[in-house]
Amino acid sequence: DGEQRGGGMMVGDYTEEEDRLRRIAVILTNGVRVVADKRNRLLFRGSDAVDFLVLNGVTRDRRHAVNVGNALMLNLRLFDHIDLSHAFRDDKNIIYVLHPERVQQQNSAESSSAAIPIVPNQNHEPRRRQQQQQQQQQ
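Residues numbered from 1 in each chain as written. Predicted model: local features only at pLDDT ≥ 70, side-chain atom pairs only at ≥ 80, totals over all residues. Heavy atoms only, no water.

Peer 1: How would you sum up the pairing of strand 5 (residues 42-45)? Please name residues and give values.
Peer 2: Of the pairings in the sheet, the one linking strand 4 (residues 35-36) to strand 5 comprises 2 bridges and is antiparallel in character. Residue pairing in the sheet places Val35 in a bridge with Leu43 of strand 5. The antiparallel pairing of strand 4 with strand 5 creates a hairpin that spans 5 residues between the two strands, and Asn40 there sits at a positive phi of about 60 degrees. Direction of pairing for strand 5 relative to strand 7 (residues 95-98): antiparallel, over a ladder of 4 bridges. Counted as the bridge partner of Leu43 is Val97 from strand 7. (Pairing = 2+ DSSP bridges. Helix = DSSP H or I, 4+ residues; strand = E, 2+ residues; numbered from the N terminus.)

Peer 1: Just give me the short version of the pairing of strand 7, but keep the residues and values in it.
Peer 2: Here is the key point about a regular strand: its side chains alternate between the two faces of the sheet. As paired elements, strand 6 (residues 79-81) and strand 7 share 3 bridges and run antiparallel to each other. Of the residues in strand 7, the one forming a bridge with His81 is Tyr96.

Peer 1: Break down the packing of helix 2 (residues 46-55) against helix 3 (residues 62-74) for me, with residues and values.
Peer 2: Closest axis-to-axis distance for the helix 2/helix 3 pair is 9 Å, and the angle between their directions is 115 degrees. Of the possible angle classes, the one that applies to helix 2 and helix 3 is roughly perpendicular. For the pair helix 2 and helix 3, the crossing hand works out as right-handed. Counted together, Ser47, Val50, Asp51, Leu53 and Val54 of helix 2 and Arg62, Ala65 and Val66 of helix 3 form the full contact between these two elements. Counted by class, the contact of helix 2 with helix 3 contains 5 nonpolar, 1 polar and 2 charged residues. (Axes fitted to C-alpha atoms, helices over the stretch in contact; angles between N-to-C directions. Parallel < 35°, antiparallel > 145°, perpendicular 65-115°, else oblique. Left-handed = near helix turned anticlockwise from the far one by under 90°. Contact = heavy atoms within 4.5 Å. Nonpolar A, V, L, I, M, F, W, Y, C, P; charged D, E, K, R; others polar.)

Peer 1: Help me get a handle on the environment of Glu101, residues and values and all.
Peer 2: Relative to the helices and strands, Glu101 resides in helix 4 (residues 100-108). Residue Glu101 is classed as partly exposed on the basis of its relative accessible area, which comes to 36%. Expressed as a C-alpha distance, the spacing of Glu101 and Leu78, which sit 23 residues apart in the sequence, is 8.5 Å. (Buried < 20%, exposed > 50% of the residue type's maximum accessible area, 1.4 Å probe, protein only.)

Peer 1: Kindly report on the pattern of salt bridges, identifying the contributing residues and their values.
Peer 2: Under the definition given, this model contains 7 salt bridges. Arg23 is paired through a salt bridge with Asp19; the nearest N and O atoms lie 3.8 Å apart. One end of the pair, Arg23, and the other, Asp19, are both in helix 1 (residues 16-31), 4 residues apart, so they sit about a helical turn from each other. The partner of Asp37 in a salt bridge is Arg41, and the shortest N-O contact between them spans 2.7 Å. Given a relative accessible area of 22%, Arg41 falls into the partly exposed group. (Salt bridge = Lys/Arg side-chain N within 4 Å of Asp/Glu carboxyl O.)

Peer 1: So what's going on with the sheet that holds strand 5? Which residues, and what values?
Peer 2: Across the sheet, which stays open at both edges, the 4 strands sit in the order 4-5-7-6 with antiparallel pairing between neighbours. In the strand order of this sheet, the two ends are held by strand 4 and strand 6, each with one partner. Across the sheet, helix 2 is in contact with strand 5 and strand 7; its angle to strand 5 comes to roughly 75 degrees. Along the sheet, helix 3 contacts strand 6 and strand 7; its crossing angle with strand 6, the most-contacted strand, is approximately 100 degrees.

See below:
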């Protein structure tokens, strides 16, 4: 049902790769461990994002998670290094600023029924465990 553009299958106005990155952005935004600083910026460590992506099966290993992180940072501008001096790295000492509103803006182009609300996960529990608990409660 999708159109071909430059060798990639189209999903709406996006290629499959762009669509996959947008879905990963939503997952990461909802699940990575963040803290708010004095300026209310949402901060996270590079290693926490890599841990989250690998532990939740979003990426196959830590190297793949770093590649995906760089794509999220450079292509979707989901987050930036705190002083704009580093690419994405698997390092507990490197801090990034999350921009969840950028995912919301991308989702607003879709139908409201398909949009996923972006609320940072403040309890720091991996998304998979949350889903399992919700299923057990039902």
